Amino acid sequence: MGLKNISATVALWVTFMCFLGISSGEQILDKRFGKLFPFFSIVRITNQPCVPESGSQMGTCFTNTQCEKAAGTVNGKCASGFGVCCVVSATCESTITQNNTVFRNRDAPNSFTPTGLELCNVRISKPNSKICQVKLDFISMNLAPADAMGQCMSDRLSINGATPNVPANLCGMLTGQSMYLDFGSSDRLSMSMITDGAANPSARDWNVKVTYYECNAQLRAPDGCLQYFTAATGQVRMLGYPMAPHLADLDYTVCVRPEDGAGSIVWSHCQGEPAGDVFSMTKAKRMDDTMGMPEDMCNMDYVMIMTDEVMSTAVPMPKMNDRYCGNALKAMPPFTVRSTAKPFIMRVKTDSTEPAEDVMNTGFCLAWRQEPPRPK
Ligand SMILES: *[C@@H]1O[C@H](CO)[C@@H](O)[C@H](O)[C@H]1NC(C)=O
């Protein structure tokens, strides 16, 4: 084919594409043609995340048609103006299949007060067979609190069909929390919100971001980790913290990815939190007892960390028991628990009730710091 023929074909094709709009994932003009026709820019719309013109929610770069199909809202441009930044929100009784979709309460962005008992379901479907996991980011989640036994009797968030199992007793304030859920053998998960305006006539709201991960994605959480963090330092709050009493019936695992060259993880209570709240799992909230406890004394509400060393004074103590309950980790200053067991994990467990000696316990906020191996 001569140069003339090529240019004729390309010119025709370009005209054709202008009529059709630009289909996604396609490179409209390859580099060779780009060089031949420098007045056409090279455009590729690969459905990458994009930052919309307004708002804090991430969008996906789409064609206009694709955004319409996904029931999204166009919010700015992307791909050098050839694509639109498409923001997808889902509300009650819908199915999510799109990366970075947010699931919001009815009447969002306003909060709502349920009239009587309301149920709001959303399905999260696997968009294709390469997807194994979703991350839920609770940008906001404000439900009615648990009762005096830590049971969610008025409102409840339940998530079904996922591995690991999500605790079934979730309510109160979950803003800032996140969860990683595997599809396992199923191809969809469901999330249900039950809100009871008769039992509690206050306002509720939620905004949950859904991120899909491919099976071989680097950011995918390991099996069994409901919560997963990837940083050298950070904080983890118990689900529901600082609600008093804390949630009952919790049983989940928090994992921290070991950084390159990390030898151990050191846990201590978060700074800047109310002292009575920062670790109160059983007994009266303000009682001090600083040790890891033997199993038979710490079998109701506790945190488990495989412990190599506990430091409560200047002198490190050798390996202790691995369970922490009471107000164990709140002592000042400094009280730390070092663990070299990898992967870095923490198990959180609470029983079904709050007996009389458990006074207004709030759960925990713990901070971690990864450290290089110590010289032998
Ligand atoms: C979804 O978007 C996130 C960025 O928000 C990205 O890291 C992830 O890889 C995307 N997932 C898929 C399956 O494209």
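Please read all numbers here as calculations on a predicted model, not as lab measurements.

Section: the overall build of the protein chain
Along the backbone of the protein chain there are three helices and 25 strands. Going through the 376 residues of the protein chain one by one, you find that 36% of them count as buried. A separation threshold of at least 6 residues defines the contact pool for the protein chain, and within that pool the share at least 24 residues apart is 74%.

Quick word on the pairing of strand β7 (residues 101–104)
Put simply, side chains in a regular strand alternate between the two faces of the sheet. A two-sided burial pattern is seen for β7, the buried positions comprising T101 and F103 on one face and V102 and R104 on the other. Strand direction decides the pairing type here: strand β5 (residues 89–90) and β7, joined by two bridges, are parallel. Bridge pairing links S89 to V102 in β7. Inspection of the sheet shows β7 paired to strand β13 (residues 205–214) by four bridges, in the antiparallel sense.

Overview of the environment of T230
Within the fold, T230 resides in the loop between β14 (227–229) and β15 (233–237). With 27 residues separating them in the primary sequence, T230 and R257 have C-alpha atoms 5.1 Å apart.

Things to note about the site of the ligand
Surrounding the ligand, one finds P49, M58, N99, N100, I131, T211, Y212, Y213, E214 and A217. Element by element, the count of residues in the shell around the ligand is highest for β13, at four residues. When the residues that make up the shell around the ligand are grouped by side-chain class, the tally is six nonpolar, three polar and one charged.

Observations concerning the sheet that holds strand β24 (residues 344–349)
Picture the strands of a sheet paired through backbone hydrogen bonds; they go either parallel or antiparallel. If you trace the five strands from one edge of the open sheet to the other, you get β14-β16-β24-β19-β22, paired in mixed fashion. In this open sheet, the two edge strands, each paired with only one partner strand, are β14 and β22 (323–324). Note that β14 and strand β16 (residues 251–256) share three bridges and pair parallel. Opposite Y228, over in β16, you have C255 as the bridge partner.

Here we look at the environment of P52
Within the secondary structure, P52 sits in the loop between β1 (49–50) and β2 (59–62). According to the C-beta neighbour criterion, P52 is buried, with 20 such atoms within 10 Å. Sequence-distant contacts of P52, that is, excluding residues within four places in its chain, are made with Q57, G59, N75, G76, C85 and V87.

Overview of the nonpolar core
Among the nonpolar cores identified, the biggest contains 81 residues, and F103, L181, V303 and F364 are the most heavily contacted of them. Not counting residues within four places of it along the chain, the set of residues in contact with F364 comprises M238, Y241, V278, F279, M281, V303 and L329.

Let's talk about the sheet that holds β2
An order of β1-β2-β4-β3 is seen for the four strands of this open sheet, with the pairing classed as antiparallel. The strands lining the two open edges of the sheet, one partner per strand, are β1 and β3 (73–78). Here β3 runs beside strand β4 (residues 83–87); their pairing, made up of four bridges, is antiparallel. Its bridge partner being in β4, V74 is matched across the sheet by C86.

Details of unusual backbone geometry
Cis rather than trans, the peptide bond between A108 and P109 has omega equal to 10 degrees. Counting through the fold element by element, P109 comes out in the loop between β7 and β8 (117–125). For the bond running from Y241 to P242, omega is 0 degrees, close enough to zero to count as cis. Tracing the sequence through the fold places P242 in the loop between β15 and β16.

Observations concerning the environment of V256
Looking at the element boundaries, V256 is found in strand β16. Judged by the 26 C-beta atoms lying within 10 Å of it, V256 is buried. A sequence separation of 112 residues divides V256 from W368, and the C-alpha atoms of the two residues are 8.9 Å apart. Among residues more than four places away in sequence, those in contact with V256 are F229, I265, F344 and W368.

Comments concerning the confidence of the model for the protein chain
Chain-level statistics for the protein chain give a pLDDT mean of 84 and a share of 82% at 70 or above. When the criterion is pLDDT under 50, residues 1–34 qualifies, and its contacts beyond four places in sequence or with other chains add up to 33 contacts.

Calculation criteria
Residues numbered from 1 in each chain as written. Predicted model: local features only at pLDDT ≥ 70, side-chain atom pairs only at ≥ 80, totals over all residues. Helix = DSSP H or I, 4+ residues; strand = E, 2+ residues; numbered from the N terminus. Buried ≥ 20, exposed ≤ 12 C-beta atoms within 10 Å, placed from the backbone. Contact = placed C-beta atoms within 7 Å. Pairing = 2+ DSSP bridges. Near = placed C-beta within 6 Å. Nonpolar A, V, L, I, M, F, W, Y, C, P; charged D, E, K, R; others polar. Core = buried A, V, L, I, M, F, W, Y, C linked by C-beta atoms within 7 Å. pLDDT = per-residue confidence, 0-100.

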